[in-house]
Amino acid sequence: MIEVVEETASTNADLVRRLGAGEGLAEGFWLRAVRQSAGRGRRGREWSSPEGNLYASTVVALRADDPWVHTLAFVAALSVHDLMLSQLGGGADCQLKWPNDVLVGGAKICGILLERRGDHVIVGIGVNVVTAPELADRATTSVHKANPDNHSDAHTVLGDLADRFAARLAQWRMEGLASTLADWTRHAHPPGTPLLVTLDEEGLLPGAFAGLDPDGALRLRLADGSLRVVHAGDVSLA
């Protein structure tokens, strides 16, 4: 089910509020806003929300035997990757970057934000469909910019995304986390790719991509050959 509102501060915040009020939101429910006035990205960043792009959130009802909750970030990223191949064509230059970035031609095309409330996780996904808001620290693109022949609107894109998210969620549950991480790794930058990781307490840490730990943490090969496992941080391609 897809519910559409003309404007709200944040679709994630709306679902947090509705769950807190005891509203029974079934898994597979999506809330889409035509416009957002206070969209948020990871680590509290503002997410620019011009009309025409996709701003939507869905609910995952956690089960006792689900994989680690934080690995839903890989589910979301893979679903957007699948969406891009659908919207841009199978030959699109689409790459994943840890933990949940989706790049098209090396430029950011989406934002993903997970928030847990009790036994539910709200997954917010914003996709640049029509326009690519400028960011000071990275290049951006949109579906229409990457494929000028694509005239899909945000609602059509969400219908496509909802199907692909449901399929990736089922894989995560039924095939186990290793299957999801293997698919993510297959679509990510190759091992040995230089990375810059920004850590809250240590600042900038350069290294090379060395794959993922079984729990989805980033393996970073440092200049001295040692391996550093990173559980939280901002990553950019060096």
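This section reports on the structure supplied with the text. What you see is a predicted model, and the numbers here were worked out from it, not measured in a lab.

**Quick notes on the packing of helix α4 (residues 154–174) against helix α5 (residues 177–186)**
- Orientation of α4 relative to α5, taken along the N-to-C sense of each, is 130°, at an axis distance of 6 Å. Considering their axes alone, α4 and α5 lie oblique with respect to each other. Contacts from R168, Q171 and W172 of α4 reach α5 at L177, S179, T180 and D183.
- Class assignment of the residues belonging to the contact of α4 with α5 gives a composition of 2 nonpolar, 3 polar and 2 charged.

**Here we look at the sheet that holds strand β1 (residues 2–8)**
- On the basis of which strands lie adjacent, the open sheet formed by 5 strands has the order β1-β2-β3-β8-β7 and mixed pairing. Sheet topology places β1 and β7 (110–117) at the edges, where each strand pairs with a single neighbour. For this sheet, the mean inter-axis angle between neighbouring strands, taken without regard to orientation, is 20°.
- Across 6 bridges, β1 lies against strand β2 (residues 30–36) in parallel orientation. Bridge assignment links V5 to a residue of β2, and that residue is A33.
- Contacts from helix α2 (residues 72–88) reach β3 (54–61), β7 and β8 (120–127) within the one sheet, and its direction differs from that of β8 by about 30°.

**Side note on the packing of aromatic side chains**
- Inspection of every chain in the model, using the stated rule, returns 3 aromatic pairs.
- Relative to F165, the ring of W30 has its centre 5.8 Å away and its plane inclined at 85°; by these criteria the two rings are edge-to-face. You can see W30 sitting in strand β2 and its partner F165 sitting in helix α4, a full 135 residues away along the chain.
- Taking the relative accessible area as the measure of exposure, F165 reaches 4% and is therefore buried.
- Between F74 and W184, the aromatic rings sit 5.5 Å apart at their centres with planes inclined by 90°, giving edge-to-face as the arrangement. Of the two residues, F74 is situated in helix α2 and W184 in helix α5; the sequence distance between them amounts to 110 residues. As far as burial versus exposure is concerned, F74 and W184 are alike and both buried.

**Notes on the packing of α2 against α4**
- Relative orientation of the contacting elements α2 and α4 amounts to 135°, with a least axis distance of 8 Å. Taken together, α2 and α4 sit at an angle that is classed as oblique. Note on packing geometry: the crossing formed by α2 with α4 is right-handed. Contacts between α2 and α4 pair L72, V75, A76, L78, S79, V80, D82, L83, S86 and Q87 from the former with V157, D160, L161, R164, F165, R168, L169 and W172 from the latter.
- Along the lines of polarity and charge, the residues of the contact of α2 with α4 split into 11 nonpolar, 3 polar and 4 charged.

**Focus on the pairing of strand β4 (residues 94–97)**
- As paired elements, β4 and strand β5 (residues 101–104) share 4 bridges and run antiparallel to each other. Within β5, the residue paired with L96 across the bridge is V102.
- Joining the antiparallel neighbours β4 and β5 is a turn of 3 residues.

Reading guide: rules and limits
- Residues numbered from 1 in each chain as written.
- Predicted model: local features only at pLDDT ≥ 70, side-chain atom pairs only at ≥ 80, totals over all residues.
- Heavy atoms only, no water.
- Axes fitted to C-alpha atoms, helices over the stretch in contact; angles between N-to-C directions.
- Helix = DSSP H or I, 4+ residues; strand = E, 2+ residues; numbered from the N terminus.
- Parallel < 35°, antiparallel > 145°, perpendicular 65-115°, else oblique.
- Contact = heavy atoms within 4.5 Å.
- Nonpolar A, V, L, I, M, F, W, Y, C, P; charged D, E, K, R; others polar.
- Pairing = 2+ DSSP bridges.
- Phe/Tyr/Trp six-rings, centres within 6.5 Å; stacked < 30°, edge-to-face > 60°.
- Buried < 20%, exposed > 50% of the residue type's maximum accessible area, 1.4 Å probe, protein only.
- Left-handed = near helix turned anticlockwise from the far one by under 90°.

Don't take any of this as a statement about function, it's just geometry.
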